[in-house]
Amino acid sequence: MRVHTAVPLGRRYAAVAACLLAACSNVAEPARGALENTEAATTSILLTEGTNLAVAVSPVNGDKVIALQAALYLQKAGEKSTRALTDWDDDAWEPSFHPGGGHIVYGGYREGTFDLWKLNPYDGSKPVPLTRGAFDDREPQYSADGQRIIFSSDRSGSYDLWQLHSGEGDTPPAEPEQLTFLDTDAHSPTWHPDGNGFAYLVTDRGGSAIYWQRPDADAELLLQSRSRFSGLRFLPAGTALSLRTLDRDPAGNALSSLSLFDLATKTLTPLTPSGADVFPFGAQWQPDGSAVFTADGQIQRWSPDAPIQLEPFTVDIAIERPAYARKQRDYDSAAPRPVLGISYPTLSPDGGALAFTALGDLYLWDIERQKLSQITDDPAADQTPVWSRDGKRLSWISDKDDRYAIWTLDLAIGTIESIVFEKKFISFPAWSPCGSKLAFFTDVPANPLLHVVGQLSIYDLETGELSAVLAPMPPQPINWSADGRYLVTTRLKPYSQRFREGIYAIVAANVDTGEAHDIVPTPHRSITHATLAPRGDGSHQVAYSQNGVLNLQVLDGDMRPVGAPQVLVDALADMPSFSHSGEYLAYLAGDQLFRLHLLTGQQEEISPSMTWRRDVPDRRWVLRAGRVFDGTSESYAEDVDITINGHRIQSVGPIDTATALPVLDASDSTVIPGLFESHAHIGDHNHSEQQGRAWLAYGITSVRDPGSNPYLANERREAWASGRRIGPRTFITGHNIDGNRVYYAVAEGIASDAHLEKALQRSRALDVDFIKTYVRLSDRRQRRIVDFAHRMGVPVTSHELLPAAAYGVDYVEHFTGTSRRGFTTKISELGRSYQDVAAVLLETGMGIVPTMVVPGVVLTFTEQNDLYSTEQFNALYGEAAKKNYQDFMAFFGPGSGGYVDAYGELLSELVARGALVGTGTDSPFTPFGTGLHAELLLYQREGLKGYQILQAATLQSARIAGADRDLGSIEAGKLADMVIINGDPLADISEVTNIRGTVKNGRYYSLADLLYPSH
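This report concerns the structure included in the present document. (Residues numbered from 1 in each chain as written. Predicted model: local features only at pLDDT ≥ 70, side-chain atom pairs only at ≥ 80, totals over all residues. Heavy atoms only, no water.)

### Let's talk about the overall build of the protein chain
Move 1: If you tally the helices and strands in the protein chain, you get 13 helices and 70 strands.
Move 2: In terms of overall dimensions, the protein chain is globule-like: its C-alpha atoms have a radius of gyration of 30 Å, near the 31 Å expected for 1015 residues.
Move 3: If you line up the protein chain on its principal axes, its C-alpha atoms span 90 × 80 × 55 Å.
Move 4: The proportion of buried residues among the 1015 residues of the protein chain is 64%.
Move 5: When the accessible surface of the protein chain is totalled, it reaches about 35800 Å², and 48% of it is carbon and sulfur.
Move 6: Of the side chains in the protein chain, 88 bear a positive and 124 a negative charge, and the two mean positions are spaced by 3 Å. (Helix = DSSP H or I, 4+ residues; strand = E, 2+ residues; numbered from the N terminus. Rg over C-alpha atoms; globule rule 2.2 N^0.38 Å. Buried < 20%, exposed > 50% of the residue type's maximum accessible area, 1.4 Å probe, protein only. Areas by Shrake-Rupley, 256 points an atom, 1.4 Å probe, with all protein chains shown as cover. Lys, Arg positive; Asp, Glu negative; His and termini not counted. Charge placed at Lys NZ, Arg CZ, Asp CG, Glu CD.)

Encoded structure:
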């Protein structure tokens, strides 16, 4: 392919020459030495406690079925050992025995939603599905006669109660029958033992209520409370109900108990002692009046006239985790590399040109003339370009001069103008057809979570008025209808209020009336990107990515679907962009760009050839340190010269006063390895030049990003690695691979095996550093991802402990974290974990990033207030940002100290026993940079020593990133990433914020350089 010369656009705009991107040139081959059929190492783990385990007891013989870490186990009466009943793929929970004792019903996630399954625990038969489909069916309970199963389900648009006639033998049950018709979400149903209806719970943000629904009568409210209830069960006599209550003491600490509600006196009495950690499941009431329940990691029995007794169990699990060869990054070569970070390409109105962001700047690609023009040439973060309808103007978002603005280039005369808004961020601008208005997303006042929520707004250029449209939502690309009446974007459509997940649907908002409606071309399928174009007859067509392919839906003039959707491109297709006429459609497919001619169906690759070079300094110099913590030892080395050759450490040794090399004298300071932020979401729709400097100003030279738009993540990685912008190294994963239901816009809802393969194809093409799976992904598909990733030489991480560990998932994110189950298997609602969690982490070698600062962020405003008065915080964020975070994070409540202390027990055990523990924050739940130092202070608060904290933040986190060969310690041959500190961080970790300067990739940046670059 030939080299194309860029078109000059005036003195302010540089031009570049580039060559066309070779097809598949960046497809990552499996790592050298990756093993096709590696023998797995088998680990046997004996579990004697369970975090949020549940139990069902046979009414016939007292046998138990235990639900523990996603599997069911049979424990015969009088025995301690157990036998597995289900495999890992079943993800089985909430078992309930049939009154005859011959089988159980449970909720299982085997097929990607929660269905009801029936199983004989004695004859070795396989589970039989009782329900199937797109909805979640949970909490099954048999009636006293065994003929009916009551359960909660979101089939009706909220959680209502349904019943299923169980059928006999192999006879399939009839279709479920809806029992309640509520505007709120009902859960935890329980049959009255005499057939006198059923009771259930309704829970919202204000607390919980107990209702009793008798036959042919209105539901009776039995109790309304600010407490949160779960695990409702009628006692055998039908005169009382038991339940798990969750409350808070005056200090805000969580309290739980197994309680009894007397139907006659309407009184609620706790049965368990203060401090008990009762799990959120129903008690199993026995004929002798005792109740079997789970709490404090154990199965326990309450009796009216005796102390609570423990009923021990053992579960022996065998886990096979194949070894694999990790892909190693090339940090040394300065040879040209293909650009992968082409972000938000936008087709011109006539379809002949494409604007996009790459390497930190804005580019214009003339497709017909094969000419590439560089529009911007500065360190600012330029992003999300958009054309005016007549094609005469090109606008984009930029944070030039440390303020967000919309910049517009007049393509005919080369002049440029900006519109500045007093907003923290702006994203996805879109010109109205007449050119007098701009739509875009802005930040929501008092909400710092810019990656989660934004306000759709319209700016009138004539009046200067800025008006809001719709409720806040995750920012997504915006389209105007041809007549200017509608804005079209995508938004989350949850299945219920009880659980946050849903699908992303197209939404059309009338800008005059404010009314909006969702457009769902295919039920139960999430849409990731949408682009709109007129059809010439008053109708429109919307193209969108769904199920991994490119689809098209015709809409009438009122934005209502006409006919069935069609598949335009049965292949990976991301970020589609229409020409104004709708004649052409451009889209990304991993490392390639394509243009589709809709009338002929002709498709052509239009990838501009762009390359970048890694920044490799050509300088030798000496960093002279009074003290060095090298990341591997427990103490300092003193009076040390660190010789840096280019971007690597050449030697570490005693001070050489005779050296002829330039010396940076830090003989009165401490030098530590560059810090790692191992869990920060650094922007899936927006980023900033300031953010790169902020990381380094806090001594953070490496950031692991577990979820961003993969094209934008690559653009950021390449801009920082090339030195185009100042910033840390990044380790990226791209979209979180999720099940069909999602919550965050950065997640990709996988709807089929074919869709999964396309997502994995993208991961390979875009050369991700790891793959993160999210909470609604089925275990069968997670297994496939692990196999793919390990053959590619990269690790996999998730929120799950088991069965993830059994599939070879490498790491766990968060001590707590979201779960599809409504509870987690790592931490109870009191913040406690038990023997199963530590045993699995320690025996398998899985690493974990605790993110204790969520919810511990509340403590930072009382116990760590100095973090918000450092020079870094004042320069980068300021007092207003502190108040914003403080007010917003107050929802964690004053009891966060209790959670952090409970987390601290697990942290201390893991670190003391040699587990792989890193440091991360889930920023922007905390401010970028500041949050990591808050996390380190929490580690110190919970008793870790200074060297343990620094090792977690350096070498251990480098291991989690798969980069410990090059990073994480100060040793000869490693990359020169270091932090110079005025203080003694081994004695007091808070002194890590006293940063004098940061060395990243062999280049030294003083704190002033990073905070005040214009000076």
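### Some words on the pairing of strand E27 (residues 306-310)
Move 1: With three bridges connecting them, strand E26 (residues 298-303) and E27 associate as antiparallel partners. Following the sheet pairing, serine 303 is matched in E27 by alanine 306.
Move 2: Counted along the chain from E26 to the antiparallel partner E27, the turn is two residues long. (Pairing = 2+ DSSP bridges.)

### Remarks on the sheet that holds strand E16 (residues 186-191)
Move 1: Here we have four strands laid out as an open sheet, ordered E16-E17-E18-E19, and antiparallel in their pairing. Whereas interior strands pair on both sides, the edge strands pair on one side only; in this sheet they are E16 and strand E19 (220-225). Neighbouring strand axes in the sheet, compared pairwise and without regard to direction, differ in orientation by 20 degrees on average.
Move 2: Relative to strand E18 (residues 207-213), strand E17 (residues 198-204) runs antiparallel, the two sharing seven bridges. Bridge pairing in E18 places valine 202 opposite alanine 209. (Axes fitted to C-alpha atoms, helices over the stretch in contact; angles between N-to-C directions.)

### Focus on the pattern of salt bridges
Move 1: Counted by the stated rule, this structure contains 59 salt bridges.
Move 2: In this structure, the salt-bridge partner of aspartate 330 is arginine 337, at a minimum N-O distance of 3.8 Å.
Move 3: Classification of aspartate 330 by relative accessible area gives partly exposed; the value is 38%.
Move 4: The buried category is assigned to arginine 337, whose relative accessible area is 17%.
Move 5: Ionic pairing is found between glutamate 909 and arginine 913, a salt bridge with its closest N-O pair at 2.9 Å.
Move 6: Here the salt bridges do not stand alone but share partners, grouping Asp91, Asp779, Glu800, Arg820 and Arg821 into one network. (Salt bridge = Lys/Arg side-chain N within 4 Å of Asp/Glu carboxyl O.)

### What about the packing of aromatic side chains?
Move 1: Considering all chains together, one arrives at 24 aromatic pairs under this definition.
Move 2: A centroid spacing of 6.2 Å and a plane angle of 80 degrees characterise the contact between phenylalanine 135 and tyrosine 495, whose relative ring orientation is edge-to-face. Here the residue phenylalanine 135 occupies a position in the loop between strand E11 (128-129) and strand E12 (137-142), and tyrosine 495 occupies one in the loop between strand E43 (486-494) and strand E44 (502-510), the gap between them amounting to 360 residues.
Move 3: With a relative accessible area of 10%, tyrosine 495 lands in the buried category.
Move 4: When the centroid spacing of 5.7 Å and the interplanar angle of 65 degrees are considered together, the rings of tryptophan 212 and phenylalanine 234 count as edge-to-face. (Phe/Tyr/Trp six-rings, centres within 6.5 Å; stacked < 30°, edge-to-face > 60°.)

### What about helix H4 (residues 779-792)?
Move 1: Between the first and last C-alpha of H4 there are 20 Å, a value that for 14 residues agrees with the 20 Å anticipated at 1.5 Å per step.
Move 2: Here H4 has its buried residues at Asp779, Arg781, Gln782, Ile785, Val786, Phe788, Ala789, His790 and Met792.
Move 3: Elements that come into contact with the buried residues of H4 comprise strand E62 (736-738), helix H3 (753-765), strand E64 (771-772), strand E65 (796-798) and helix H5 (804-807).
Move 4: After H4 finishes, the residue glycine 793 shows a positive phi value of roughly 90 degrees. (Expected span 1.5 Å × (residues − 1). Contact = heavy atoms within 4.5 Å.)

### Overview of the packing of helix H11 (residues 930-941) against helix H12 (residues 946-960)
Move 1: Relative orientation of the contacting elements H11 and H12 amounts to 145 degrees, with a least axis distance of 9 Å. Crossing angle aside, the handedness with which H11 passes H12 is right-handed. Residues Leu936, Tyr939 and Gln940 of H11 form the contact with H12, whose own contacting residues are Ile949, Ala952 and Ala953. (Left-handed = near helix turned anticlockwise from the far one by under 90°.)

### Considerations on the sheet that holds strand E9 (residues 104-108)
Move 1: Read across the open sheet, the four strands follow the order E8-E9-E10-E11; overall the sheet is antiparallel. Single-partner strands in this sheet number two, and they are strand E8 (92-97) and E11.
Move 2: With four bridges connecting them, E8 and E9 associate as antiparallel partners. Residue pairing for E9: alanine 92 is matched across the bridge by glycine 108.

### Looking at the nonpolar core
Move 1: Judged by nonpolar contacts, the single largest core of 138 residues is most densely connected at Ile317, Phe815 and Leu910.
Move 2: Each residue touching leucine 910, except ones within four places of it in the same chain, is listed here: Phe815, Ala838, Leu841, Leu842, Ile848, Ala915 and Val917.
Move 3: Counting residues in each nonpolar core, the second largest holds 36 residues, with Leu347, Phe428, Ala439 and Ile458 among its members. (Core = buried A, V, L, I, M, F, W, Y, C linked by side-chain atoms within 4.5 Å.)

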